[in-house]
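Residues per chain are reported as follows:
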Amino acid sequence: MGLFPTAHTIIICQLGIFRTIFKRRIYRISYYKISFGEDMKKYSKIDSLPTGHASDKIVQGCLVLEGGAFRGVYGEGACDGLMEADLNFESTIGISAGALNGISYLSGQIGRTGRINLGSRLDKNYVGFRPWRKTGSVIGFDYLFGPLSAAEPLDEKAFFNPERRFFVAATHCETGKLAIFEKNEKGSDIKYIYRAISASASMPFVSKMVEIDGQHYLDGGCCTKVPYQWALDQGYKKIIVIRTRPKDYRKKLSFMATNIPKLFYKKFPDFAEQLSNSNQHYNDDCDRMNQLEKEGRIFVIAPSQPVTVGRLETDMEKLGALYEMGLNDARHAIEGIKEYLSRDE
């Protein structure tokens, strides 16, 4: 059960984490809100997304990208807003959807990730039962990095620019600790960093563990949802954090959320313990980030309005609106970011 969620796995709990009963053709995944019958539909204003290539200017500091599955479209818009303003940071670290957003941010391709997700979210080969049946994950990463990306190929030369560093954070299942992968660890091997991103974005309960060099990994958010502390520990003086939830949002704590991971991942007790406490850790991190921002230590871009988009949202207009919010919030924050960057420590 720990490595690969089987077809007959049944978990009935308050969260509605995962229930599939194939014999009766009942498909119910209420927590992640997976849809099996959506028509292929795009965001109506997809043609108005910004285009172009970021400049070669590199800014000192670290950009931290929160995940959140398809709430990550907020981060896609925010990253595009930064690129428009020539705010191309020397280092970027992303978790889950944040790591996916970091790809096009590093390559400098404005609007690319937005066009992929706002154009292909409802592609059945990308999200849902079909990739889950084929690969054990509700996200078809091979399809994402293959056919979907082929329509607007990644600028690998820009992505592998040695002057810019890119880190991907996943959760190591054997230890429950944060694992960091860097883009140039194995030279210019795009498949290696794609594999690391797949691990970072593989949601627990509905995805099999991703194996890299004999070790098993899952969503980096199981360990820490916003890796700002890593950036602080690395000694970065200027840290920009892109959130995917408003600053006042906090996760609910429940008996089921705390105990189900210990049953589901009992063969990986350290991972289960980390996942069980992840909501409390997230709330503590939110409080800490708010304090660090008040002290002028970090700068945070976060949704200016409540976010009603689900983790695997199927409403393309809601997703498009969230992207636009991220883009506009970033544009409005540019002057504040420049002032923050200009301050002496």
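Residues numbered from 1 in each chain as written. Predicted model: local features only at pLDDT ≥ 70, side-chain atom pairs only at ≥ 80, totals over all residues. Heavy atoms only, no water.

Draft legend 1. Here's a closer look at the overall build of the protein chain. Within the protein chain, the regular secondary structure consists of 12 helices and 11 strands. Long-range contacts, defined here as pairs at least 24 residues apart, represent 77% of the contacts in the protein chain between residues at least 6 apart. Here the protein chain has roughly 15,000 Å² of accessible surface; of this, 48% comes from carbon and sulfur atoms. (Helix = DSSP H or I, 4+ residues; strand = E, 2+ residues; numbered from the N terminus. Contact = heavy atoms within 4.5 Å. Areas by Shrake-Rupley, 256 points an atom, 1.4 Å probe, with all protein chains shown as cover.)

Draft legend 2. Spotlight on the packing of aromatic side chains. Using the criterion set out here, one finds 16 aromatic pairs in the structure. Seen in terms of ring centroids, F141 and F145 are 6.4 Å apart; in terms of plane orientation they differ by 25 degrees. Their pairing is stacked. Highlighted residues: F141 and F145, both in helix α5 (residues 141-150), separated by 4 residues, approximately one helical turn. Here F141 and F145 have matching classes, each one buried. Here the aromatic rings of F205 and Y265 are separated by 5.7 Å at their centres, their planes lie at 45 degrees, and the arrangement is tilted. Of the two residues, F205 sits in the loop between α7 (190-200) and β8 (210-212) while Y265 sits in the loop between α9 (255-264) and α10 (269-276), which places them 60 residues apart along the sequence. Judged on exposure class, the residue F205 and its partner Y265 are both buried. For K238, the ring lying beneath its charged end belongs to Y340, and the centroid distance is 4.7 Å. (Phe/Tyr/Trp six-rings, centres within 6.5 Å; stacked < 30°, edge-to-face > 60°. Buried < 20%, exposed > 50% of the residue type's maximum accessible area, 1.4 Å probe, protein only. Lys NZ or Arg CZ within 6 Å of the ring centre and 35° of its normal.)

Draft legend 3. Molecular detail of the pairing of strand β7 (residues 178-182). One ladder, built from 5 bridges, connects strand β6 (residues 165-172) with β7; its direction is antiparallel. Across the sheet, V168 pairs through a bridge with F181, a residue of β7. (Pairing = 2+ DSSP bridges.)

Draft legend 4. Quick look at the pattern of salt bridges. Using the criterion set out here, one finds 10 salt bridges in the structure. A salt bridge links R331 to E84; the nearest nitrogen and oxygen atoms lie 2.8 Å apart. Here the residue R331 occupies a position in helix α12 (residues 316-342), and E84 occupies one in helix α1 (residues 73-84), the gap between them amounting to 247 residues. A relative accessible area of 34% places E84 in the partly exposed class. A salt bridge links K247 to E293; the nearest nitrogen and oxygen atoms lie 3.0 Å apart. (Salt bridge = Lys/Arg side-chain N within 4 Å of Asp/Glu carboxyl O.)

Draft legend 5. Quick peek at the pairing of strand β5 (residues 89-95). For β5, a buried count of 6 out of 7 residues is recorded, marking the element as mostly surrounded by other parts of the structure. Here strand β4 (residues 59-65) runs beside β5; their pairing, made up of 5 bridges, is parallel. Across the sheet, the residue bridging to C62 is S91, located in β5. Traced from β4 through α1 to β5, the parallel crossover comes out right-handed. Bridging between β5 and β6 involves 5 bridges; their strand directions are parallel. Bridging from a neighbouring strand, T92 pairs with F166 of β6. (Right-handed = clockwise from strand over helix to strand, strands pointing away.)

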